[in-house]
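# Structural overview for review
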Amino acid sequence: MDLGKDLCRVLQLLPGVQTQNGLRTAIVHEEGAWQLKIQLWECRKKWSQKKQVFPSQDPLDRADFNAVEYINTLFPTEQSLANIDEVVNKIRLKIRRLDDNIRTVVRGQTNVGQDGRQALEEAQKAIQQLFGKIKDIKDKAEKSEQMVKEITRDIKQLDHAKRHLTTSITTLNHLHMLAGGVDSLEAMTRRRQYGEVANLLQGVMNVLEHFHKYMGIPQIRQLSERVKAAQTELGQQILADFEEAFPSQGTKRPGGPSNVLRDACLVANILDPRIKQEIIKKFIKQHLSEYLVLFQENQDVAWLDKIDRRYAWIKRQLVDYEEKYGRMFPREWCMAERIAVEFCHVTRTELAKIMRTRAKEIEVKLLLFAIQRTTNFEGFLAKRFSGCTLTDGTLDELEVSTPSTNPFLEDEPTPEMEELATEKGDLDQPKKPKAPDNPFHGIVSKCFEPHLYVYIESQDKNLGELIDRFVADFKAQGPPKPNTDEGGAVLPSCADLFVYYKKCMVQCSQLSTGEPMIALTTIFQKYLREYAWKILSGNLPKTTTSSGGLTISSLLKEKEGSEVAKFTLEELCLICSILSTAEYCLATTQQLEEKLKEKVDVSLIERINLTGEMDTFSTVISSSIQLLVQDLDAACDPALTAMSKMQWQNVEHVGDQSPYVTSVILHIKQNVPIIRDNLASTRKYFTQFCIKFANSFIPKFITHLFKCKPISMVGAEQLLLDTHSLKMVLLDLPSIGSQVVRKAPASYTKIVVKGMTRAEMILKVVMAPHEPLVVFVDNYIKLLTDCNTETFQKILDMKGLKRSEQSSMLELLRQRLPAPPSGAESSGSLSLTAPTPEQESSRIRKLEKLIKKRL
């Protein structure tokens, strides 16, 4: 191989190695150049192997390695070829280092695999040893368990034997006791030794319970039958003894009760409950036989006027029982209470029968007398007895009606009725219903309930006379005097009416909590309406309109142009007094409804509803407020009419407020302080008056404002000043003329600000120049949020523009107005409403219908 040529070829690949003549030459030996090329490729190969393990930034590690470029980098000039041997030696040294590194890595990897296999084998051996140890432990545990079972087997057998032996001994003892007890029981029964029988029979019954599972054994069954036979014989024997001691003919055994009968009662407690029931029934019947003879229906003492004698007789009988028979019967039998309860049932039946026969002779005073004495007797029973026998299911006859929920049962009837006649305001503080503490309530007085229609008719008549007296007193005394110190006076008749209502309600609830209470509620409703129309609505001042009508319905409609006479000071005070009275009646009627619901039976609560009567009083309140509003509104009409007739185009300068404003303010200062002082006790209705007046006056003011045409620029400025003055007066309306300045309610202030601001915006649009048209229309849309073509045309009329000029402006407005929402009506009217129930249109329509019907 010609090494010189190869070196020349290598050098030809080196672009940076050139002579001055442009010819590539070689300064180094041919052998050195060839060795350099070979070493470079070997180094490149070794370096690539190392790159696979250790990443590097060396040029030899690059994927696009170029040997020619790398040699040119090492030998950039001809002079650098002189040290080619040194470079070759460095590359060889680098190759050897790479070989050593690769060899170390390869050997290390070989040792790692061998170590891993060795560790795996050791782990497998350890696992096998662990499994062996676990198996050994399990085998030992099984052997231990078997050994414990063998040790305890004998102990369990001994325990079972002991239990069985104990049960056998106990059963034999019980059997011995049962056999002996049955023999003794039969012998004692024949000898009537009831004291010993009572103790022995209970023990025999307890022992016999242990043999229920052995009834298949003939001997046990035979003993059980002997016990039952002994019980039957005892029951018959005891009944025969009581029949002999207390024969049905009513004669008592001489010498009083014996110890034998007292012990017989102890035995009856253990026997069948029917034996005890029969004894009690016969004794009570024998004890009350005299009562049935003395108070027969045909006897004079049986009538209601001598009802006291019935209760006096039973009281004597109870005392006699305690002295003679109190120790004969067990205390838990409550025989005295049972006698009293049976007396009550018999009395209720007898009274009901005689009242049906002589119903026409029942008068209100007689009925109330009988009821009062009866309720007193029921209270006496409640104090003496607990009422435990009223729920005793063993006696079918001893039943009683459901206790009343009357919260006033603990009070004595007569004193309470006397106190209620003078009480006032108790209904203002409703109390929670109390649980009844008289279980005997109604046990006798229930019989009077079918005849309470007499009482209801009497109350109907009394209330009618009371209402007529109220009407006569009002006409005789006249309207209440003006009172500006303590507010509008409430008519005294309303307090008297509700005091009488409460008296009737309490009295009737003590008589019955059923249908009579519903009938009384109907009477209450009738005379609440009568009071509302005859005393309240009937005395409201009438307004004389141009049509000549004298009806309250005229108060509910504003007839533009009608002349309404202004109320006097006395009439204003009367209206305020009626309003305050209606407000008191409304609140008290609601409390009356709650009290009625407390006293009536639960099943009848839904039938107590005084909503219609409360609506009637609300209507009176609304009518009174409307009267006050219409009076003040009508007083301001002439001033507004004068405003609309002024020649506003001739106003030359802006001065103080106009005369019509002074007139409006004067009327407001005259009426509002009087109304406020007379409604001091009902501030919320004074606020409603202010709101209603604002709702009425402001739209009317804007309507008259549109009638002021044409208006000059100066005239519009004067109107704007007047509008601002009225706005300030209206904002100060609730406290005008008062020494105590109060902040007006937010709801009222919102209405005034909204309405009067709209009036100011209308005048500002009138003052604005109408050219250019686009600016004028945009200014109108911006100032009036509820803008529409109707209002816009009225403003153009106020400016005095001709119809030809208005058409183009109206067309431009229609183009620039946003599309109205679906279902909305385009209207320029001002909507000012107060969220109060009295302002609902349905109630106004109802008032109109009621007035027409009344008239």
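## Topic: the overall build of the chain
Scanning the chain for helices and strands turns up 25 helices and zero strands. Of all 855 residues assigned to the chain, the portion counted as buried reaches 44%. A separation threshold of at least 6 residues defines the contact pool for the chain, and within that pool the share at least 24 residues apart is 81%.

## Thoughts on the packing of helix α20 (residues 713–731) against helix α21 (residues 746–767)
As a packed pair, α20 and α21 sit with axes 9 Å apart at the nearest point and diverge in direction by 175°. By the angle between their axes, α20 is roughly antiparallel relative to α21. Of α21, the residues touching α20 (which contributes Met 713, Ala 716, Glu 717, Leu 719, Leu 720, Thr 723, His 724, Leu 726, Lys 727, Leu 730 and Leu 731) are Tyr 748, Thr 749, Val 752, Val 753, Met 756, Thr 757, Ala 759, Glu 760, Leu 763, Lys 764, Val 766 and Met 767. Each residue belonging to the contact of α20 with α21 can be placed in one class, and the counts come to 15 nonpolar, four polar and four charged.

## A short note on the nonpolar core
Counting residues in hydrophobic clusters, the biggest one holds 181 residues, and the most contacted among them are Phe 329 and Tyr 531. Among all residues touching Tyr 531, those that are not within four sequence positions of it are Ile 467, Phe 470, Leu 491, Ser 493, Cys 494, Leu 497, Leu 536, Thr 581, Cys 585 and Phe 617. Val 207, Ile 220, Leu 223 and Val 227 belong to the second largest nonpolar core, which has nine residues in total.

## Focus: a nonpolar patch on the surface
A grouping of Ile 127, Leu 130, Phe 131 and Ile 134 is seen on the molecular surface, where their side chains present a nonpolar patch of about 430 Å² in accessible area. Locating Leu 130 in the fold gives a position in helix α4 (residues 84–191).

## What about the pattern of salt bridges?
Using the criterion set out here, one finds 24 salt bridges in the structure. With a closest N to O distance of 3.2 Å, Asp 308 and Arg 373 form a salt bridge. Separated by 65 residues along the polypeptide, Asp 308 in helix α9 (residues 307–325) and Arg 373 in helix α11 (residues 364–384) bring together distant segments of the chain. Take Arg 373: its relative accessible area is 27%, and that puts it in the partly exposed class. For Glu 515, the salt bridge identified is with Arg 607, shortest N-O distance 2.8 Å. Here Glu 515, found in helix α15 (residues 515–536), pairs with Arg 607, found in the loop between α16 (569–599) and α17 (611–645); they are 92 residues apart in sequence, far enough to count as distant.

## A word on helix α23 (residues 789–799)
Of the positions making up α23, those classed as buried are Thr 791, Phe 792, Ile 795, Leu 796, Asp 797, Met 798 and Lys 799. Buried-residue contacts for α23 involve α19 (683–706), α21, α22 (773–783) and α24 (803–816). Of the residues flanking the start of α23, the one acting as N-cap is Asn 788, its side-chain oxygen 3.2 Å from the backbone nitrogen of Glu 790. After α23 finishes, the residue Gly 800 shows a positive phi value of roughly 80°.

## A few points about the environment of Leu 726
Locating Leu 726 in the fold gives a position in helix α20. Note on Leu 726: relative accessible area 2%, which makes it buried. Each C-alpha atom, one on Leu 726 and one on Val 752, is 10.0 Å from the other, the two residues being 26 residues apart in sequence. Those residues within four positions of Leu 726 in sequence are excluded, and the remaining contacts are Val 661, Val 664, Phe 697, Phe 701 and Met 756.

## Remarks on the packing of aromatic side chains
Considering all chains together, one arrives at 21 aromatic pairs under this definition. Consider the rings of Phe 283 and Phe 329, whose centres lie 4.8 Å apart with planes at 65°: the pair is edge-to-face. Taken as a pair, Phe 283 in helix α8 (residues 273–294) and Phe 329 in the loop between α9 and α10 (335–357) lie far apart in primary sequence, 46 residues in all. In terms of burial, Phe 283 and Phe 329 fall into one category: buried. The interplanar angle of 15° and the centroid separation of 4.5 Å between the aromatic rings of Tyr 311 and Phe 377 together place this pair among those described as stacked. Residue Tyr 311 is found in helix α9, and its partner Phe 377 is found in helix α11; the two are separated by 66 residues along the sequence. No difference in accessibility class separates Tyr 311 from Phe 377, as the two residues are buried. One aromatic cluster is present, formed by Tyr 291, Phe 295, Tyr 311, Trp 313, Phe 343, Phe 377 and Phe 380 through successive ring pairs. Just above the ring of Phe 380 sits the side chain of Lys 315; from NZ or CZ to the centre is 4.7 Å.

## Description of the environment of Leu 763
As for its position among the elements, Leu 763 is in helix α21. Put simply, Leu 763 and Gln 718 are 45 residues apart on the chain and 9.8 Å apart in space, counted from C-alpha to C-alpha. Those residues in contact with Leu 763 that lie beyond four places of it in its chain are Leu 705, Ala 716, Leu 719, Leu 720, Thr 723 and Met 798.

## Description of the packing of helix α6 (residues 218–245) against α8
One can describe the packing of α6 onto α8 by two numbers: an axis separation of 10 Å at closest approach and a directional angle of 5°. Taken together, the axis directions place α6 and α8 in an arrangement best described as roughly parallel. Seen from α6, the contacting residues are Gly 235, Ile 238, Leu 239, Phe 242 and Glu 243; seen from α8, they are Ile 275, Glu 278, Ile 279 and Lys 282. Residue classes in the contact of α6 with α8 are distributed as five nonpolar, one polar and three charged.

## Things to note about the state of the cysteines
All told, the structure shown has zero disulfides when counted by the stated rule. Between Cys 388, a free cysteine, and Cys 334, which holds the nearest cysteine sulfur, the sulfur-to-sulfur gap is 3.5 Å. Considering cysteine sulfurs only, Cys 585 is the nearest to Cys 494, which forms no disulfide, with 4.6 Å between them. In this structure Cys 494 comes out as buried when scored by relative accessible area, which is 0%.

## Details of unusual backbone geometry
The bulk of non-glycine residues show a negative phi, and the bulk of peptide bonds are trans. Here the residue pair Lys 709 and Pro 710 is connected by a cis peptide bond, since its omega of -5° sits within 30 degrees of zero. Mapped onto the secondary structure, Pro 710 falls in the loop between α19 and α20. The phi torsion at Cys 334 lies on the positive side, around 50°, for a residue other than glycine. Mapped onto the elements, Cys 334 comes out in the loop between α9 and α10. Taking relative accessible area as the criterion, Cys 334 reaches 23% and is therefore assigned partly exposed.

## Some thoughts on α10
Counted at 1.5 Å a residue, the expected span for α10 with its 23 residues is 33 Å, and the 33 Å between its end C-alpha atoms agrees. With 18 of 23 residues buried, α10 lies mostly within the body of the structure.

## A short note on the environment of Thr 374
Positionally, Thr 374 belongs in helix α11. Look at Thr 374 and you get buried, because its relative accessible area is 0%. Residues Thr 374 and His 441, 67 residues apart in the sequence, show an inter-C-alpha distance of 9.5 Å. Not counting chain neighbours up to four residues away, the residues in contact with Thr 374 comprise Ile 307, Tyr 311, Val 444, Ser 445 and Phe 448.

## Describing the confidence of the model for the chain
Averaged over all residues, the pLDDT of the chain equals 76, while 76% of them reach at least 70. For the chain, helix α12 (residues 413–420) is the element with the lowest average pLDDT, namely 39, and α17 is the one with the highest, namely 92. Overall, residues 822–841 carries pLDDT values under 50, and its contacts beyond four positions in sequence, including any with other chains, amount to 36 contacts.

The rules behind these values
- Position labels on residues start from 1 in each chain and follow its written sequence.
- Reporting in this predicted model follows two pLDDT cut-offs: at least 70 for local features of residues, and 80 or more for side-chain atom pairs to be given and counted; totals over whole chains, interfaces and linings ignore these cut-offs and use all residues.
- Excluding hydrogens and water, the side-chain figures rest on all heavy atoms present in the structure.
- Secondary structure elements follow DSSP: runs of H or I of four or more residues count as helices, runs of E of two or more count as strands, with numbering from the N terminus.
- Whether a residue is buried, partly exposed or exposed follows from its accessible area with a 1.4 Å probe, protein chains only, as a fraction of its type maximum: under 20%, in between, or over 50%, in that order.
- Working rule for contacts: check all heavy atoms of both residues, and any pair within 4.5 Å makes them a contact.
- Helix axes are fitted to C-alpha atoms over the stretch in contact, other axes to C-alpha atoms as well, and angles between N-to-C directions run from 0 to 180 degrees.
- The labels follow the angle: roughly parallel below 35 degrees, roughly antiparallel above 145, roughly perpendicular from 65 to 115, and oblique for the rest.
- Polarity classes work like this: nonpolar for Ala, Val, Leu, Ile, Met, Phe, Trp, Tyr, Cys and Pro, charged for Asp, Glu, Lys and Arg, and polar for all others, with Gly in that last group.
- Each nonpolar core is a collection of buried residues, namely Ala, Val, Leu, Ile, Met, Phe, Trp, Tyr and Cys, held together in the definition by side-chain atoms within 4.5 Å.
- A patch consists of residues whose relative accessible area exceeds 30% and which take part in no salt bridge; residues with like charges are grouped when within 9 Å of each other, and nonpolar side chains (Val, Leu, Ile, Met, Phe, Trp, Tyr) when within 5 Å.
- All accessibility values rest on the Shrake-Rupley procedure with a 1.4 Å probe; residue burial counts only the protein chains present in the view.
- One speaks of a salt bridge when a side-chain nitrogen belonging to Lys or Arg is within 4 Å of a carboxyl oxygen belonging to Asp or Glu.
- Whenever a nitrogen or oxygen atom comes within 3.5 Å of another N or O atom, the pair is scored as a polar contact, on the condition that within protein one atom can donate a hydrogen and the other can accept it, and that pairs from neighbouring residues in sequence are kept only if both atoms are in side chains.
- The pairing test for Phe, Tyr and Trp rings, Trp by its six-membered ring, is centres within 6.5 Å, and the orientation test on the planes gives stacked under 30 degrees, edge-to-face over 60, and tilted for anything in between.
- In this scheme, the term charge over a ring applies when either NZ of a lysine or CZ of an arginine sits within 6 Å of the ring centre and within 35 degrees of the ring normal.
- Disulfide assignment relies on a single distance test, namely cysteine sulfur atoms paired within 2.5 Å.
- One less than the residue count of a helix, multiplied by 1.5 Å, gives the span that helix is expected to have.
- Scored between 0 and 100, pLDDT is the confidence that the predictor attaches to each residue.

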